[in-house]
Structures are given as C-alpha cells and as structure tokens.
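Coordinate inspection notes
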Protein chains: 2
Amino acid sequence: MASFSARLDHAIRSKKTPALVGLDPRWDQLPSKIKASAREMYDDPAAAMAAAFEEFCVRLIDVVAPLVPAIKPQAAFFEELGPDGSVALARVIRYGRSQGLMVICDAKRGDIGTTAEAYARAYLAGEDPHAAPYGADALTVSPYLGDDTLAPFVKLCDERGAGIYVLVRTSNPGSGSFQNHTDATGLKLYEGVADVVEKLSIHSENSTSYGSIGAVVGATYPRELGELRQRMPHVPLLIPGYGAQGGNAGDVAAAFDAEGLGAIVNSSRGINFAFRSPAYAETFGEKQWEAAAEAATKAMIADLAANTPAGRLQD
Amino acid sequence: MASFSARLDHAIRSKKTPALVGLDPRWDQLPSKIKASAREMYDDPAAAMAAAFEEFCVRLIDVVAPLVPAIKPQAAFFEELGPDGSVALARVIRYGRSQGLMVICDAKRGDIGTTAEAYARAYLAGEDPHAAPYGADALTVSPYLGDDTLAPFVKLCDERGAGIYVLVRTSNPGSGSFQNHTDATGLKLYEGVADVVEKLSIHSENSTSYGSIGAVVGATYPRELGELRQRMPHVPLLIPGYGAQGGNAGDVAAAFDAEGLGAIVNSSRGINFAFRSPAYAETFGEKQWEAAAEAATKAMIADLAANTPAGRLQD
C-alpha cells in the first residue's frame, strides 16, 4: 500500500506544482445561475443549497483537476446546510478522487480516545476512497486535547495510507493568542506541537524524507514558517493564507526543499470566486466563472514556480 | 429572548440535579435487539447503523428526560456513519429538545473567521430549535486557533440565546501535553484560555452570575478543577470524566457554588451501557437496558446530591 506522503509527492511531481485548491462554497458568492437552477430543482432551501454547492464544486474540480495535485474541501460550509450538506460533501470528495485528485478534508477534528477513532474512521479513507464515508486522503486535526489524542489518527494513517495535517501555526490574525504561549526556556506552544508532529511523522512509516503526518502553518507568518520548516524536516506542510488572506509566494518560499517538495500551498476564495475579483471580473465576469477560476489557478501556479523552489518541479 | 445560561439554570433547578447524560452510540455496545431490527429494516449498513443509533438515543432520551436537565450527543459517532449519521444526529437533537431537554452538541469545532461562523450557524440554534440544522442549545468549541476564532460563536450565542463550552482542561491522560505549557510567570496555557473564556462570559450578556460562554474542565484533574472554578467565576462548567473515566463525585464537588449551580457533570458510557457493567448486568441484563440506564442515572443523581453542593438543589 502506498503511503499518503508517497502518493502526494507523486501527484505534486505529476502536476509539477504544489498548488492546492480549497473548495469553499459560500452561498452568497456562488454564480447566480447555479443558485437559480438549484432553486428550481428543489423547494427545500437546504436541498437547493446543497445541490448548488455540489454543482459548483464538481465544476470547479473539472477546471482544476488537470492543473493541481490536490483539493481541500472546507467541511464547515457543508455542515452549515445540515445532512443535505453532508451528502454533498461526501459526493464532492468522491468526485475529486475519481478525477485523480488528492483530497484533504479540512474539518479540524479532534477528540479523545475512541471518539478520535470515530472521527478518523469517518474521514480517513486513505488509498481506497471507499474505506470511509467521507473518503478523503487526509484530514486536518486540532491538537489542543493533547498528544495522546493524535494517536488514533496516526494509527489509521499507517493502516490505510492516509495523512493528517495537525494545526501548528494558523493563518488568522489572533493565532498567536494561545499558539505563542512561551515557556521559561523560550519554547512556544506551536513549537512544542511542531516537535510532537515531527516525531510522529518520522515514525509514521519507513521514510527518510517526508512522513504522512503533516502540519498546518500559515503563509501570513513567513518568519515562523521558515523556522518551522527547519524544525520539522520530515513533516509535509499545508500552507493556508496565500492570496485572499494576504500571503504571497515570497512568504511561502522557505517552506520548500531544494526539489520544490515538502509543502502544498492553498488558495480558496482567490480561485473559487476569481470572477468577483478586480483582476478577473472584467475579462471573464460571472458567466465565465470557470475560465476565471482556471486563469487564477494558472496564475498561482506560475507565481509559485517563479518565486519559490517549486519552480524546480517544472524542469 | 432567554439566554442559554438562564435556560440552563432553570432546567437544573427544575430537575434538581446537574447531571448531564452523554449520548455515545457505539455500534459494538448497542443492545443486540436494536441492531438486529435495524438490520432487518435496511440492507445498507450505514442506514441500518444510523437507524439503530437513532432508536437507541431516542429510547435513552425517553428514559432520562424526566430525570436530568440536559443531554450531550457526541457528534463523532454519528459522523462515522457518513450522511446517514448526520440525519440521525439532527433528529436526535430535535427529539431531545422536544422532550424538554437542553441539548449540548459535543463536536469540538473550531476554525477561523467566516468558517467559524458557518460552524456556529450549523449547530447553535439557541432558544428556537429550528434556527439551525443541528438545532442544539450549545456546542463544544476548541480554542487552539486563537481568541479571535471564538468571536463568531460568541456573537451567535448572544443573538440566539445559545451557549458554547470552550475546551480548557480536558479529561484525557495526555491533556497536559499542550494544555500545561507554562510561561515564565507560571501561567499555564489552560489558565490563559480560562482567562479569555471568563472575559467572554462576563461580556456575553447582562448577567451578574453565569454567562453563556462555558468551559470544559475534566473531573480527572480535581485540583485544577477547583482552581479553575475560582479563576472563572462567571463561567458555567461542563465536566466530563465522571464515571467510566474514573472521576467521582468528590472530584467534582469544587465545581459548584453554594446553591449547587455553576456546573453540569457528564456521564456517557456509564449510563448508555449500564446494562453491561458489573453493577447492573445481573439485575437488569440486556433486555432491560433502559431500566439499567435509568438506575445508573438515578445513582449518579444521588451520588452528586450526597457528595457535592448540588444536594442543595433538592432542598
């Protein structure tokens, strides 16, 4: 069985880019035609919204599948619709995988003992997409409850060729309020979490390079990102905060090794709703929202290639 | 509109106990008759398991609704079944509320900005059970991402009379690995989180006693529990770890004020699967699993009344 890290590296090399496209279906931002046709099909508002989310994500997957190695659906937007949204999330994950994409479900789960096992079994399908109801390759996980609560996720990663990305240093303005808590030796909480993740990734498989236990580190704190890359040499990084949140390619350059591996960089809003942005609105507009998303994805790929070691992937 | 804290206090006084019953449907523990009849109804395994979870929880709600103020369904067990499980979770929450119970959905959600808003809208119905697809009164929330990520939840609590319980000091053996991270002044991470929660609860409504922003503090660390009660005088506590996890009534006594308010104490496995425990197996057995759950609930109520200030509620 191929590990998550091996499969991810293969996908990155195949597509020659570490660009990760987040799927953030937000009802008020969706193209109006998708919303209108979903409303015609379903009287029930939640069913109509879920149908619109599914159509939007499937069409976005069709746009990005030839271009990028992976997608990251955001579970919260689907959950907001209730069970109809869960159906749409499961289908979107499955469709993404059927189109050859790695799927990282961004659900930031975490709990203790057998409860954590239940979350792991819900989302971590690993190599076989049918091994879990939400058949993702990987899941984002919150570490607050403690190192023992990561173990059930790590176990399933080993068994199924799945991966997790543990929150280490997040991209939001207030991320330091707890993550920067500093002990008497100068060790910050996020560094302590990073050290645990590094150990887990070394042990998660027989690998001299990256393991399958990753870390989420925001592009919005570039100095910490560089330090964390050094601190966690075996840990694959998932980097949010590029694009709409303010991070640029220069901010994420330090996340990569000399081959351009070791990190994937996420953009969600900047691609999903590119047709609403000043850069693409005039050229494409809402009717050509897919062309706008494609152009924004290509621009991101080019930006990462030109300004980070990920350019080596295109050699 | 009545706040969460006012409604919870009313429920505690009405039922004269702070006992909280967790709903943890675990397939391998369910009474075999419930599993068999669900399997007869549905060929699809996930549909059958979801139907069994729903029946088990609904019957457990019927047992405990006359006895306790609140229930706490554990989202992970439902999510493990995929969308069928989500349907069951939404129905169980709604049924609990229809039977006059406060419902705290234990999903430990947390994310940044508008994503946190989506989670809040998914679960925090507040006073009107129909205001959210998973129509809970309150939700457990993870603080790792930072104080700014709690704000969207707090806002919805204010608007809808809902509540949250922020993870502060959890009940698992490894909870200290990150939560005990100690700064140069001696302040532990969980104390820093506690200070933020205290401020949020003071500001969450016009209240001189408890606010609607609560904290999860495990019964398994009784010294810390007592200290945290003092440190967060306006914060209602949710205390896991009683019963199956090893905490007893003496361990949780310090969580209450002189009137017996300020905390709710959870038991899940010890009540759900009382019929499997040495204390009840012989008297009741699997066929009388509901009678065993009722006896275990009454025993917990009596234990809390005899050994904590919650006994005052029965005066």
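Only a predicted model underlies this, so the values are computations on that prediction, with no experimental measurement involved.

**Thoughts on unusual backbone geometry**
Residue and element names in this part refer to chain A. Although it is not a glycine, Lys 16 adopts a positive phi angle of roughly 60°. Along the chain, Lys 16 turns up in the loop between α1 (4-15) and β1 (19-23). Since its relative accessible area comes to 39%, Lys 16 is described here as partly exposed. One non-glycine residue, Lys 108, adopts positive backbone phi at about 45°.

**Observations concerning the interface of chain A and chain B**
Between chain A and chain B, the contact holds 60 residues from the first and 60 residues from the second. Three residues stand out in chain A for area buried against chain B, namely A:Tyr144, A:Phe178 and A:His181, and they jointly supply 20% of the buried area on that side. Our count for the chain A to chain B interface comes out at 6 salt bridges. Inspection of the chain A/chain B interface yields 35 residue pairs in polar contact (both at pLDDT 80 or more). Elements with a contribution of two residues or more to the side of chain A that touches chain B: α4 (75-79), α5 (83-98), β3 (102-109), α6 (113-123), β5 (163-169), α8 (176-179) and α9 (189-203) of chain A. Looking at the side of chain A that touches chain B, the element that brings in the most residues is α6(A), giving 7 residues. A class-by-class count of the residues in the side of chain A that touches chain B yields 28 nonpolar, 20 polar and 12 charged.

**Some remarks on the packing of aromatic side chains**
Residue and element names in this part refer to chain A. Within the structure shown, the criterion is met by 12 aromatic pairs over all chains. For the pair Tyr 280 and Phe 284, a centre-to-centre distance of 6.3 Å together with 35° between the ring planes defines the contact as tilted. What makes Tyr 280 buried here is its relative accessible area of 17%. A connected cluster of aromatic rings, assembled from ring pairs, spans Phe 56, Phe 273 and Trp 289. The aromatic ring of Tyr 221 is capped on one face by Arg 169, whose charged end is 3.9 Å from the ring centroid.

What counts, and where the lines are drawn
Residues numbered from 1 in each chain as written. Chains lettered and ligands numbered in written order. Predicted model: local features only at pLDDT ≥ 70, side-chain atom pairs only at ≥ 80, totals over all residues. Heavy atoms only, no water. Helix = DSSP H or I, 4+ residues; strand = E, 2+ residues; numbered from the N terminus. Buried < 20%, exposed > 50% of the residue type's maximum accessible area, 1.4 Å probe, protein only. Contact = heavy atoms within 4.5 Å. Buried area = accessible area lost by both parts, 1.4 Å probe. Salt bridge = Lys/Arg side-chain N within 4 Å of Asp/Glu carboxyl O. Polar contact = N/O pair within 3.5 Å; in protein donor to acceptor, adjacent residues only side chain to side chain. Nonpolar A, V, L, I, M, F, W, Y, C, P; charged D, E, K, R; others polar. Phe/Tyr/Trp six-rings, centres within 6.5 Å; stacked < 30°, edge-to-face > 60°. Lys NZ or Arg CZ within 6 Å of the ring centre and 35° of its normal.

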